[in-house]
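# Structure at a glance
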Amino acid sequence: MKRHLKHIVIVIVITILLVQFENLIEASLGNSTIRIIYDKYGAPMVDYGYQYGVYIGKVWNPLIVAEHAINYFNMYNATHDEKFKLKFLHCVSILLNLSEDRGDYLVFLYNFPWPYPKYQINGPWISCMSQSASVVVLALAYKVTNNATFLQLANKALKAFEIPVEEGGLAYKVDDGLWYEEYAYPRSKVRPYVLNGFMYSLIRLYEYWKLTRSEKALELFNKGIRALKLMIHKFDLEYWTAYDLLGTIARLPKHELHIRFSKKLYEITGDELFKKYHIKWSGYIFTPYGLRELISWHALKLFRELLVLDTMSKFLVNLAMAFFVYIVIRYLIKAVKLTLRLIY
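Okay, so let's go over this structure. Note that this is a predicted model, so its numbers are computed, not measured.

### Thoughts on helix α5 (residues 148–158)
For α5, the complete set of buried residues consists of Phe150, Ala154, Ala157 and Leu158. Along the long axis of α5, the arc covered by the buried residues comes to 105°, so they all point the same way. Packing partners of the buried residues in α5 comprise α3 (82–97), β7 (106–108), α4 (128–145), α6 (195–212) and α7 (215–231). Where α5 starts, the residue carrying a side-chain oxygen 3.0 Å from the main-chain nitrogen of Thr149 turns out to be Asn147.

### Digging into the nonpolar core
Residues Phe88, Trp114, Trp179, Tyr180, Leu228 and Leu265 are the most contacted members of the largest nonpolar core, which totals 98 residues. If sequence neighbours within four positions are ignored, Trp179 has contacts with Leu170, Ala171, Tyr172, Val174, Tyr193, Val194, Leu195, Phe198, Ala227, Leu228, Met231 and Phe235.

### What about the packing of helix α8 (residues 252–269) against helix α9 (residues 272–283)?
Two elements in contact, α8 and α9, have axes whose closest approach is 8 Å; the angle formed by their N-to-C orientations is 155°. Accordingly, the angle class assigned to the pair α8 and α9 is roughly antiparallel. For the pair α8 and α9, the crossing hand works out as left-handed. Seen from α8, the contacting residues are His255, His258, Ile259, Ser262, Lys263, Leu265, Tyr266 and Thr269; seen from α9, they are Glu272, Phe274, Lys275, Tyr277, His278, Trp281 and Ser282. Looking at side-chain class alone, the contact of α8 with α9 contains 6 nonpolar, 6 polar and 3 charged residues.

### Some details on the pattern of salt bridges
Applying the stated criterion across every chain yields a total of 12 salt bridges. Of the charged contacts, one joins Glu162 and Lys216 as a salt bridge, the two residues approaching to 2.8 Å between their closest N and O atoms. With a gap of 54 residues between them, Glu162 in the loop between α5 and β8 (171–174) and Lys216 in helix α7 connect regions that are remote in the sequence. Judged by relative accessible area, Glu162 falls into the partly exposed class, the value being 32%. Taking relative accessible area as the criterion, Lys216 reaches 29% and is therefore assigned partly exposed. With a closest N to O distance of 3.4 Å, Lys216 and Glu219 form a salt bridge. Of this pair, Lys216 and Glu219 both sit in helix α7, 3 residues apart, roughly one helical turn. With a relative accessible area of 32%, Glu219 lands in the partly exposed category. Through salt bridges with shared partners, a single network forms among Glu162, Lys216, Glu219 and Lys223.

### Topic: the packing of α7 against α8
Here α7 crosses α8 at 125°, and the two axes come no closer than 13 Å. By the angle class used here, α7 and α8 are oblique. As for how α7 packs across α8, the hand of that crossing is left-handed. When α7 is examined against α8, the residues Phe221, Ile225 and Leu228 are found in contact with a partner set consisting of Leu265, Ile268 and Thr269. Partitioning the contact of α7 with α8 into residue classes produces 5 nonpolar, 1 polar and no charged.

### Quick word on the sheet that holds strand β5 (residues 58–59)
Strand pairing within a sheet occurs via backbone hydrogen bonds; the two strands may be parallel or antiparallel. An order of β1-β2-β5 is seen for the 3 strands of this open sheet, with the pairing classed as antiparallel. At either margin of the open sheet sits one strand with a lone partner, and together these are β1 (35–38) and β5. Strand direction decides the pairing type here: β1 and strand β2 (residues 44–47), joined by 4 bridges, are antiparallel. Opposite Arg35, over in β2, you have Asp47 as the bridge partner.

### Description of the environment of Tyr239
With respect to the helices and strands, Tyr239 occurs in the loop between α7 and α8. As a C-alpha pair, Tyr239 and Trp281 span 42 residues in sequence and 8.2 Å in three-dimensional space. Excluding residues that lie within four positions of it along the chain, Tyr239 makes contacts with Ile249, Tyr284, Thr287 and Tyr289.

### Points about α6
Over its 18 residues, α6 runs 26 Å from end to end, which matches the ideal 26 Å to within 8%, given 1.5 Å per residue. Among the 18 residues of α6, 14 are classified as buried, and the element is accordingly described as predominantly covered. Within two residues after α6, Arg213 carries a phi angle of roughly 60°, on the positive side.

The rules behind these values
- Residues numbered from 1 in each chain as written.
- Predicted model: local features only at pLDDT ≥ 70, side-chain atom pairs only at ≥ 80, totals over all residues.
- Heavy atoms only, no water.
- Buried < 20%, exposed > 50% of the residue type's maximum accessible area, 1.4 Å probe, protein only.
- Helix = DSSP H or I, 4+ residues; strand = E, 2+ residues; numbered from the N terminus.
- Arc of directions from axis to C-beta.
- Contact = heavy atoms within 4.5 Å.
- Polar contact = N/O pair within 3.5 Å; in protein donor to acceptor, adjacent residues only side chain to side chain.
- Core = buried A, V, L, I, M, F, W, Y, C linked by side-chain atoms within 4.5 Å.
- Axes fitted to C-alpha atoms, helices over the stretch in contact; angles between N-to-C directions.
- Parallel < 35°, antiparallel > 145°, perpendicular 65-115°, else oblique.
- Left-handed = near helix turned anticlockwise from the far one by under 90°.
- Nonpolar A, V, L, I, M, F, W, Y, C, P; charged D, E, K, R; others polar.
- Salt bridge = Lys/Arg side-chain N within 4 Å of Asp/Glu carboxyl O.
- Pairing = 2+ DSSP bridges.
- Expected span 1.5 Å × (residues − 1).

And the structure:
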């Protein structure tokens, strides 16, 4: 009985150590696991918890709302099920609540800080990603309701792409082109030049042009393409891609977006430059750096998935891991003892 009790105590001690190890790792990451929470009508809120040591909590993220709206529209278009139409229109109303009319133009606000050390955004701030997705949503709202107000708002929101970041808009001038910033904050002391967000916004602007044939949207798309062609080489590290021009290396999901978006932009424009980088960046996955990133990212993803388990599930997982670790340690000790006996 005492022997079994000893084993149980050891397994419990290892379980406690594993739980503490998880807490230390999460603290060292500086970030909580991000969760999506839906209201009763299907609109998504984001629970950021702590990010970079700052508590953000549950907030509306205009990009997440806009992307859900687009998905609901696509489901409604495919099934004609009214519940998807209602969810779509509810997301539209949330987006409009997040908008701010600045006279000549309209923006969709992130009403929370984003304390990434290199950016230090105290909020509110705007993004080319949410701005471009939102104009698409407004065009779809016009298609669903035939209410011209949605198109008027969308065209007003387009104007933010021409206004410099320092003046409350989204644009950095690059020769005769325009770069649209993902983290646009007028009081920022840096210019991030985030690649995936910029490429995403170009694809959405082109989508808006297809929906509305807006000459302004096409002009903004073409100016963005000119800027991207001048800048894209700066993001090629010859072994991987950069996330921004502040020295941040893209993690695997962002690198994969660079690959996917460069292919999409080649399909839209037919420009061989985008095809060249699509092929080159795809090849980086199979380099030693790419394989290490593949393994480390998926290990981190698995760990984060464990962190979002409820307390009892997490305890049971850790208990199973502790039992496994204990068995392995016991066999290792036996193997070492046996080896020492054979030697001496």
